[in-house]
Amino acid sequence: LYGFMFCYLLGISKTTPVSSAIFNSMQPIWVFLISVFFLHEKATVMKIIGIALGFGGAMLCILTQGSDDLAHDAFTGNLLCMISSFVFAIYLIVVTMMKYIFGGAAVSGIIVSSVMGWDAPMFADAWRGEWHWTAWAVLAFVLIFPTYLSYFLVPIGLKYLKTTVVAIYSYLILV
């Protein structure tokens, strides 16, 4: 996840948001290709045609976008966004094969937070009786919905759906 976020944020700082969304939508392509090679998923003619069209369109975007005010280094930014979508596809495959990754992350997160996380002003103020409801509500929302719930549901979805189908739902990011 760190590799995905790092490459994506670095890429989006160099290209346009629309271009970064195009490359984010390549995740199903990468998941399919990785699944064919490592999970031995069957590659049909229609899937191969779809992959070729999607990849060709993305490559057309990479090679034809020039630099402008929003995208001061479009080629590098597009390449980094494409790498980030590939890294996220690897993450989806790894989650399929390693079911306890979230448990390990939770345990290590609790350990690190219990040692180092109490210096934040909202925690220190809470110990003195000053409660900042807005900050706690925003923190709860960010921790529950886009962080915990979305990533918690990925392995559950992978139990019932193929990895490529779960990756296709990443198209909702574009919306």
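Definitions and cut-offs
- Residues numbered from 1 in each chain as written.
- Predicted model: local features only at pLDDT ≥ 70, side-chain atom pairs only at ≥ 80, totals over all residues.
- Heavy atoms only, no water.
- Helix = DSSP H or I, 4+ residues; strand = E, 2+ residues; numbered from the N terminus.
- Expected span 1.5 Å × (residues − 1).
- Buried < 20%, exposed > 50% of the residue type's maximum accessible area, 1.4 Å probe, protein only.
- Salt bridge = Lys/Arg side-chain N within 4 Å of Asp/Glu carboxyl O.
- pLDDT = per-residue confidence, 0-100.
- Phe/Tyr/Trp six-rings, centres within 6.5 Å; stacked < 30°, edge-to-face > 60°.
- Polar contact = N/O pair within 3.5 Å; in protein donor to acceptor, adjacent residues only side chain to side chain.
- Contact = heavy atoms within 4.5 Å.
- Core = buried A, V, L, I, M, F, W, Y, C linked by side-chain atoms within 4.5 Å.
- Axes fitted to C-alpha atoms, helices over the stretch in contact; angles between N-to-C directions.
- Parallel < 35°, antiparallel > 145°, perpendicular 65-115°, else oblique.
- Nonpolar A, V, L, I, M, F, W, Y, C, P; charged D, E, K, R; others polar.

### Considering helix 3 (residues 27–38)
In step 1: Here helix 3 spans 16 Å end to end across twelve residues, near enough to the 16 Å set by a 1.5 Å rise per residue.
In step 2: Taken together, the buried positions of helix 3 are Gln-27, Pro-28, Ile-29, Trp-30, Val-31, Phe-32, Ile-34 and Ser-35.
In step 3: His-40 occupies a position one or two residues after helix 3 and carries a positive phi of about 55°.

### Regarding the pattern of salt bridges
In step 1: Scanning the model with the defined rule gives one salt bridge in all.
In step 2: Between Glu-41 and Lys-47 there is a salt bridge, with its nearest N and O atoms 3.5 Å apart.
In step 3: With relative accessibility at 14%, the residue Glu-41 sits in the buried group.
In step 4: Under the relative-accessibility criterion, Lys-47 is labelled partly exposed at 29%.

### Quick notes on the confidence of the model for the chain
In step 1: Scored by pLDDT, the chain has a mean of 77; 80% of the residues are at 70 or more.
In step 2: Across the chain, the element-wise mean pLDDT spans from 62 in helix 7 (residues 121–127) up to 85 in helix 1 (residues 2–12).

### Points about the packing of aromatic side chains
In step 1: Throughout the structure, instances matching the rule amount to six aromatic pairs.
In step 2: Each ring, one from Trp-30 and one from Phe-86, has its centre 5.2 Å from the other, and the planes form 85°; the classification is edge-to-face. With a gap of 56 residues between them, Trp-30 in helix 3 and Phe-86 in helix 5 (residues 74–97) connect regions that are remote in the sequence.
In step 3: Note on Trp-30: relative accessible area 12%, which makes it buried.
In step 4: Their ring planes at 35° and their centres at 5.3 Å tell us that Phe-88 and Tyr-91 sit as a pair that is tilted.

### Quick look at the side chain of Ser-84
In step 1: Position of Ser-84 relative to the elements: it lies in helix 5.
In step 2: Note on Ser-84: relative accessible area 0%, which makes it buried.
In step 3: Within polar-contact distance, the side chain of Ser-84 engages the backbone oxygen of Cys-81 at 2.7 Å.
In step 4: Residue contacts for Ser-84: discarding those within four places in its chain leaves Phe-4, Cys-7 and Tyr-8.

### Observations concerning the nonpolar core
Looking at soluble globular proteins, one finds that nonpolar side chains tend to be buried together.
In step 1: Counting residues in each nonpolar core, the largest one holds 24 residues, and the members touching the most others are Phe-23, Met-26, Val-31, Phe-88, Tyr-91, Leu-92 and Val-154.
In step 2: Residue assignment for this core shows that the elements contributing at least two residues are helix 1, helix 3, helix 4 (45–64), helix 5, helix 8 (133–160) and helix 9 (163–168).
In step 3: Looking at this core, the element that brings in the most residues is helix 5, giving eight residues.
In step 4: If near-sequence neighbours (up to four positions away) are discounted, Val-31 is found in contact with Ala-89, Leu-92, Ile-93, Thr-163, Thr-164 and Ala-167.

### A short note on the packing of helix 1 against helix 2 (residues 17–24)
In step 1: Here helix 1 crosses helix 2 at 150°, and the two axes come no closer than 9 Å. With respect to their mutual orientation, helix 1 and helix 2 come out roughly antiparallel. Listed contacts from helix 2 to Phe-4, Tyr-8 and Ile-12 of helix 1 are Pro-17, Ser-20 and Asn-24.
In step 2: Tallied by class, the residues present in the contact of helix 1 with helix 2 amount to four nonpolar, two polar and no charged.

### Observations regarding the environment of Ile-90
In step 1: Summarising the element assignment, Ile-90 is placed in helix 5.
In step 2: Sequence separation between Ile-90 and Gln-27 is 63 residues, and the spatial gap between their C-alpha atoms is 9.3 Å.

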